[in-house]
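Geometric and topological summary
For reference, the chains in residue letters:
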Amino acid sequence: MKKAKLITLILSLSSMAACQSKDDIYVGPPDKDNDKVTDLVVPEGFDWEMSQDATLSIESGVKSIVDVFRSADCKAEDLIATLNAPTEDVTLSIPVGTEKLYVQYTQTNGKKNVLPVALTESRAETNKIGHAKLPEDAGETKESGEGPVLYYPSNGWGTVLFEDNWPEMGDYDMNDFAVWYKIQQYITGPNETYAIMISVTMTAMGGSYPYQLCLGIDGLNINNIEECSDPYGQNSYKATLSKSGDAILTYHWDGLKGSEGGSYYNTEDAYAPVDQAKLKKNQVSYIIYLEKNMKIFSHKDFDFFLKRKDNGAEIHLKGYKPSTGFMSTYNEITNSNSNLSNRQYYATTDGFVWGIKVPKGIGHPKEQIDITEAYSYFADWVTSGGKSQTDWYNTAEEGKCVSVQIE
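Residues numbered from 1 in each chain as written. Predicted model: local features only at pLDDT ≥ 70, side-chain atom pairs only at ≥ 80, totals over all residues. Heavy atoms only, no water.

This part covers the pattern of salt bridges. The tally for this structure, following the rule as stated, stands at eleven salt bridges. Here Asp301 ties to Lys295 by a salt bridge, and the two come within 3.4 Å at their closest N and O atoms. Relative accessible area serves as the criterion here: at 47%, Lys295 is assigned to the partly exposed category. Several salt bridges share partner residues, and in doing so they unite Lys36, Glu373 and Lys400 into one network. (Salt bridge = Lys/Arg side-chain N within 4 Å of Asp/Glu carboxyl O. Buried < 20%, exposed > 50% of the residue type's maximum accessible area, 1.4 Å probe, protein only.)

The structure is reproduced here in structure tokens:
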């Protein structure tokens, strides 16, 4: 019965997400020439992160259900949590640079109202803290469905962009493998989760090597999983779950490269963009039911990486270690290559990386277009060490990116 109710909730939540285009705003280039990525000076210690944790507590005189958004207009795609109030500290994922959250609650008259909540820095600089107190006009609302839900990066989509030339530097068009993703955690109270739903849509294959996308969840062993199933019954493509050890999903989008014409998929000017209906068929969704409740997983626990079909080579985002099976090979390659960092996984000695994870669904650069040309403020973000232009991904240069639309 519990799973049946959860499936009903999932279907109702999926209908909330409006069609999300790749960018809100297109602009022309700024009044300067952007350097290519490889010309940039990357500050030491720059982590390339665009998401961070925020701890939110909600005080309330009545039992109520609230929605938490990362935008003042409370767009459906900006929903990051549905919570039971009152609640103790619950950890949410927010884009770096977020200064406020917006708690939408139901008033005694049945109407919705929004309470802005300022975020302050915690002692740990990677975390923010917010506290909300619902006003006296907050009405009591009964819990429905299966309780609180956390959304990462939101009820909309996020993007992962990869270069596939590791251990060599790539051309930084960042379209060798591109996917949109969204993750939902179904929780009990502020500290435990009992199910995770993961949806991933392959949006581009612009690389030459036979890589597959994988997703590992740090701290989740295959023995912790009771069941892994397609919640919609609509997957045209599949993912396989590892049979032992760490839980890893491997996605199979066989036959897509070149299927629309050209040498790649959805990257070449003459063969892109692929229309929304075709991209939707690339969407793969699974819900993982846990054998017993586990700690809530942070955004950092979700490790998207590439794995080569022929030799098992792996490409992870910066700071994520290789899987057990590839670790010795990774160490051998790293130790024999002076351009690779020995202090940080999957980074060069100059601080460059092979992948980034963006907390929004965005378009990928067209073939052989450097990402600094496609996104005018990307270079400023990198050279400032992430201090400036934290929302660089909201400003794309028209004609340089492939338009992506997914429901």
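Once that is clear, we can look at the nonpolar core. Within the largest apolar cluster, 51 residues are counted, with the highest numbers of intra-cluster contacts made by Phe177, Ile198, Val200, Leu213, Tyr251 and Trp253. Of all the secondary-structure elements, those providing two or more residues to this core are strand E12 (158-162), strand E13 (177-188), strand E14 (192-204), strand E15 (211-221), strand E18 (246-252), strand E19 (283-295), strand E20 (302-308) and helix H3 (324-335). The residues contacting Val200, other than those within four sequence positions of it, are Val179, Trp180, Tyr181, Leu213, Tyr251, Trp253, Asn282, Gln283, Val284 and Phe304. Among the nonpolar cores identified, the runner-up in size contains 28 residues, and Val353, Ile362, Val382 and Tyr393 belong to it. (Core = buried A, V, L, I, M, F, W, Y, C linked by side-chain atoms within 4.5 Å. Helix = DSSP H or I, 4+ residues; strand = E, 2+ residues; numbered from the N terminus. Contact = heavy atoms within 4.5 Å.)

This next bit is on the packing of aromatic side chains. Inspection of the entire model under this criterion finds 22 aromatic pairs. Each ring, one from Trp48 and one from Trp381, has its centre 5.9 Å from the other, and the planes form 80 degrees; the classification is edge-to-face. Taken as a pair, Trp48 in the loop between strand E2 (25-27) and strand E3 (51-59) and Trp381 in helix H5 (residues 378-383) lie far apart in primary sequence, 333 residues in all. Its relative accessible area of 6% is what places Trp48 among the buried residues. Assessed through its relative accessible area of 1%, Trp381 is described here as buried. One aromatic cluster is present, built from ring pairs that chain together Phe46, Trp48, Tyr375, Phe378, Trp381, Trp392 and Tyr393. (Phe/Tyr/Trp six-rings, centres within 6.5 Å; stacked < 30°, edge-to-face > 60°.)

Right, let's get into the confidence of the model for the chain. When the pLDDT values of the chain are averaged, the result is 91; 90% of them are 70 or greater. In the predicted structure, residues 11-31 sits below a pLDDT of 50 and forms 63 contacts with residues beyond four places in sequence or in another chain. (pLDDT = per-residue confidence, 0-100.)

The next thing to look at is the sheet that holds E3. Where strands meet in a sheet, backbone hydrogen bonds hold them as pairs that are either parallel or antiparallel. A sheet is described by the order of its strands in space; here four strands give the open sequence E6-E3-E10-E9, paired in mixed fashion. Looking at strand neighbours, the two that pair on one side only are strand E6 (87-95) and strand E9 (120-121), the edges of this open sheet. Looking at chain direction, E3 and strand E10 (residues 127-133) are connected through seven bridges and run parallel. Each residue of the ladder has a partner; that of Glu59, found in E10, is Lys133. (Pairing = 2+ DSSP bridges.)

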